[in-house]
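Structure assessment
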2 protein chains.
Amino acid sequence: MNIEMIRAADARLEGHVRRTPLLSSPFLDEIAGRRLFVKPECLQHTGSFKFRGGWSALSALDPETRKRGVIAFSSGNHAQGVAHAATLHGVPSVIIMPSDAPALKIANTRALGAEVVLYDRAGESREEIGDTLARERGLTLVRPYDEPQVIAGQGTCGLEIARQAGEFGIESADVVVNCGGGGLTSGIALALEADAPGLRVRPAEPEEFDDTARSLISGRIESNERRAGSLCDAIITPAPGEITFPIMARLCGPGLVVSEEEALKAMALAFLRLKIVLEPGGAVSLAAALFHGDEIESDTVIAVCTGGNVDPGVFAQALVTLDP
Amino acid sequence: MNIEMIRAADARLEGHVRRTPLLSSPFLDEIAGRRLFVKPECLQHTGSFKFRGGWSALSALDPETRKRGVIAFSSGNHAQGVAHAATLHGVPSVIIMPSDAPALKIANTRALGAEVVLYDRAGESREEIGDTLARERGLTLVRPYDEPQVIAGQGTCGLEIARQAGEFGIESADVVVNCGGGGLTSGIALALEADAPGLRVRPAEPEEFDDTARSLISGRIESNERRAGSLCDAIITPAPGEITFPIMARLCGPGLVVSEEEALKAMALAFLRLKIVLEPGGAVSLAAALFHGDEIESDTVIAVCTGGNVDPGVFAQALVTLDP
């Protein structure tokens, strides 16, 4: 896993990925107590950064292998990213999804052309189900984070941040990234190491699902006790990956941990001040930037807001946190 | 009023305006029955395209005049655009706002540094109040649409559309633009005439406030009977402007007219599929593109979604139009 793979993925994504802008608001700067920028990956195709990794993985396959199709397991955003990338490449996709994933994500994944297979997040192993199906049908498994070409695709977001930081004259900053298994976090960290070494990645996680923050402290891969039941469903993977963790241990941290209530408030402020739609797991980074300023070092913070695939009821729940 | 003024405004805006992307979704293409792109000016500074005209007008003043400050009258978005542009230029601003404008817009305009003066939309003339205050304090009046430097600023949005259409290989399209007094509509029309003559501007308005559509049919400036009471408060000016109408009559139309219910549905679909926040008046163009396909000619439609400054309660009202 290295920067050249990220640059190669960026070339393959050109003309297909949406280059998301950096947004800001004087109202948010004031709350954060510093200059705050948001990288709104909710505006990416399929509503999250996962399209980057999906396209990167699909486009890296040799044509014969790709033709047989791909399989992925995901709490939802990776599913949509892979399904859309597969459909655009004209090949089939099978997606293994937890049965408690938001209804919207399941429906969208089917509409984007995938065959969806549901499993029980608490009692079954999605890895075993995925491996079996892949063998049976000759599908290529696209892992959600511990997969070099997926990390390379997510890292293209970091190349954009480095370029945009240059345009804004930002030489040092905390770059807060929502962290599940660490694919986006490690990919961005590698990109910034190469192109903007004054910017440091800070993984952000919800309370009770802070496996990466604890792993960075202990120096080895730690797991979460809870496996389900968070509003931040997009980023509650059990533990950092075996490929992603060494990269994060070398380049990232310390981790930032926020409450669900803080994530909902950040969603409401993104609605009010940036006019973007975030899901709870996509707003954890912004919550950390806004409400944990005492843990942030630089006078500039960039929050990578990773997705916006949220059910309307949950979004309404976030809006009521605004003062009347 | 000519294309050179728009190009000059574009140069003055460089580094200050946010260059908004073109968004799309296969789900929206399917509803529209053609390729649909959204120009999300809700992502512009202050949450609407009005920052373009505000910055253009402020930056075009000579320094001595500018130093005394500016005054504007507006249902809200022009107010915020002018207030923010004035504050960034380090000069005072006075904003005349209708007392029934959304609470959020009034509060935001004050927070952006302006002195806000309220008036009764049904019984008072904002023009008279503005003229009097301007004389008393030596302020320069920045009219919301019938003002060449404001039209020039709004027209920069059209230069971007022309450039982006080229990148996407779009040679002909209907460009649907929310139309109040016609500043944005006429500015974009002039820009497209010069840089993308295969793209035609279609003004979009809410029912009962379709003054521009009727004016384009009759060939002279027609007024609305109703003056207030629409959810689409951002675009319910009484009649097209004396500068903007001749431009629209030459280059734009026919007009498109949508219901409030259609605007709310378009807001909900923009939430669901594009992850952007629109206000009702900002979603009228998208509603026309989605639900009035039989009135659109090209196989590509670009909806300019002009603003996102919406109270949470109205947004929640839009979300309930989604199927459960």
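Residues numbered from 1 in each chain as written. Chains lettered and ligands numbered in written order. Predicted model: local features only at pLDDT ≥ 70, side-chain atom pairs only at ≥ 80, totals over all residues. Heavy atoms only, no water.

**Details of the relation of the copies chain A and chain B**
Two copies of one chain are present, and they are related through a rotation about an axis combined with an axial shift. Selection criterion: Here the copies are matched by least squares. The fit uses the C-alpha atoms of residues with pLDDT of at least 70 in both. Throughout, a contact is declared for two residues whenever any of their heavy atoms are within 4.5 Å.
Once chain A has been moved 0.0 Å along the axis and rotated by 180°, it coincides with chain B to within an RMSD of 0.0 Å. Here the copies are linked by what is in effect a two-fold axis. Nearest to the rotation axis, the C-alpha of I276 of chain A is located 2.3 Å from it, this being the minimum over chain A. In this assembly, 100% of the residues forming the interface of chain A have copies in chain B that are likewise at the interface, indicating an isologous arrangement.

**As for empty space enclosed by the protein**
Formally: Cavity: a set of points on a 1 Å grid over the protein atoms alone where a 1.4 Å probe fits but cannot get out. Pocket: an open set with protein on both sides within 12 Å along at least five of seven lines, its lining residues, like those of a cavity, having an atom within 4 Å of a point. Grid points are joined across faces, edges and corners, and a volume is the space filled by probe spheres set on the points. Every helix listed is a DSSP run of H or I at least four residues long, and every strand listed is a run of E at least two residues long, numbered separately from the N terminus. Basically, the charged four are Asp, Glu, Lys and Arg, the nonpolar ten are Ala, Val, Leu, Ile, Met, Phe, Trp, Tyr, Cys and Pro, and anything else, Gly included, counts as polar.
Under the counting rule described, the total for this entry stands at two cavities of 30 Å³ or more. Quantified by volume, the largest cavity comes out at close to 190 Å³. Considering the residues around the largest cavity, the lining is formed by 20 residues, among which S25 and R273 of chain A together with H45, T46 and G47 of chain B are closest to the centre. Residue assignment for the lining of the largest cavity shows that the elements contributing at least two residues are α2 (26-32) and α12 (260-274) of chain A together with α5 (77-89) of chain B. With three residues, the top contributor of residues to the lining of the largest cavity is α12 of chain A. For the lining of the largest cavity, the per-class residue count stands at seven nonpolar, 10 polar and three charged. The calculated volume of the second largest cavity comes to roughly 50 Å³. Lining of the second largest cavity is provided by F49, K50, N77, A234, I235, E279, G281, G282, T306 and G307 of chain A.

**Details of the domain arrangement of chain A**
Residues and elements named next belong to chain A. This is how the line gets drawn: Domain segmentation is taken from an automatic or database assignment of domains. Note on definitions: buried area is the accessible-area loss of two parts on being combined, 1.4 Å probe, summed for both. A pairing counts as a salt bridge when a side-chain nitrogen of Lys or Arg comes within 4 Å of a carboxyl oxygen of Asp or Glu. Whenever a nitrogen or oxygen atom comes within 3.5 Å of another N or O atom, the pair is scored as a polar contact, on the condition that within protein one atom can donate a hydrogen and the other can accept it, and that pairs from neighbouring residues in sequence are kept only if both atoms are in side chains.
Each assigned domain of chain A is listed with its residue range as follows: domain 1 (3-49 + 148-319) and domain 2 (50-141). For domain 1 versus domain 2, the separation of C-alpha centres amounts to 23 Å. The partner domain 2 presents 22 residues to the 33 residues of domain 1 that form the contact. Buried area between domain 1 and domain 2, summed over both chains or domains, comes out near 2200 Å², and the portion from carbon and sulfur atoms is 54%. With its nearest N and O atoms 2.8 Å apart, the salt bridge here joins E160 to R52. Linking domain 1 with domain 2 are 14 residue pairs in polar contact (both at pLDDT 80 or more). Listed by contribution, the elements that provide at least two residues to the side of domain 1 that touches domain 2 are α1 (3-13) and α8 (148-167). Examining the composition of the side of domain 1 that touches domain 2, we find that eight residues originate from one element, α8, more than from any other. Its residues assigned to classes, the side of domain 1 that touches domain 2 comprises 11 nonpolar, 12 polar and 10 charged.

**A short note on the environment of N309 of chain A**
How we decide: Here's how the labels work: a residue is buried when its accessible area is under 20% of the maximum for its type, exposed when over 50%, partly exposed in between, all with a 1.4 Å probe on protein chains only.
Within the fold, N309 of chain A resides in the loop between β9 (300-305) and α14 (312-319). On the accessibility criterion, N309 of chain A (3% relative accessible area) is buried. At a separation of 2.8 Å, a polar atom in the side chain of N309 of chain A contacts the side chain of N77 of chain A. A polar side-chain atom of N309 of chain A sits 3.0 Å from a polar atom in the side chain of K275 of chain B.

**With respect to the interface of chain A and chain B**
Chain A puts 28 residues into the contact, and the matching count from chain B is 28 residues. Summed over both partners, the interface of chain A with chain B comes to about 2300 Å²; 72% of that surface belongs to carbon and sulfur atoms. For chain A, the biggest contributors to the area lost against chain B are R18, F271 and K275 of chain A; these three give 27% of the whole. Summed over the shared surface of chain A and chain B, the result is zero salt bridges. Linking chain A with chain B are 10 residue pairs in polar contact (both at pLDDT 80 or more). Sort the elements by how many residues they give to the side of chain A that touches chain B and α12 of chain A lands first, with four residues.

**Quick word on the sheet that holds strand β4 (residues 115-119) of chain B**
All names here are of chain B. Stated precisely, the cut-off is as follows: Pairing between two strands requires that DSSP report at least two bridges joining them. All axes are obtained by fitting lines to C-alpha atoms, using only the stretch in contact for helices, and the reported angles, taken between N-to-C directions, cover 0 to 180 degrees.
Overall, parallel pairing links the four strands, which are arranged β4-β3-β2-β5 in an open sheet. Two strands bound the open sheet, and with one partner strand each, they are β4 and β5 (140-141). Note that strand β3 (residues 93-98) and β4 share five bridges and pair parallel. For V94, the partnering residue across the bridge sits in β4 and is E115. Most of the contacts of α5 go to β3, to which it runs at about 170°, and overall it touches β2 (70-73) and β3.

**Description of the sheet that holds strand β9 (residues 300-305) of chain B**
All names here are of chain B. Spatial strand order, β1-β9-β6-β7-β8: five strands in an open sheet with parallel pairing. With one partner strand each, in any of the chains shown, β1 (35-40) and β8 (256-258) form the two edges of the open sheet. If you compare each strand with its neighbour and ignore which way they point, the axes differ by 25° on average.

**Quick word on helix α3 (residues 50-60) of chain A**
Of all 11 residues in α3 of chain A, 10 are buried; the element is thus mostly enclosed. All of the buried residues along α3 of chain A are K50, F51, R52, G53, G54, W55, S56, A57, L58 and S59 of chain A.

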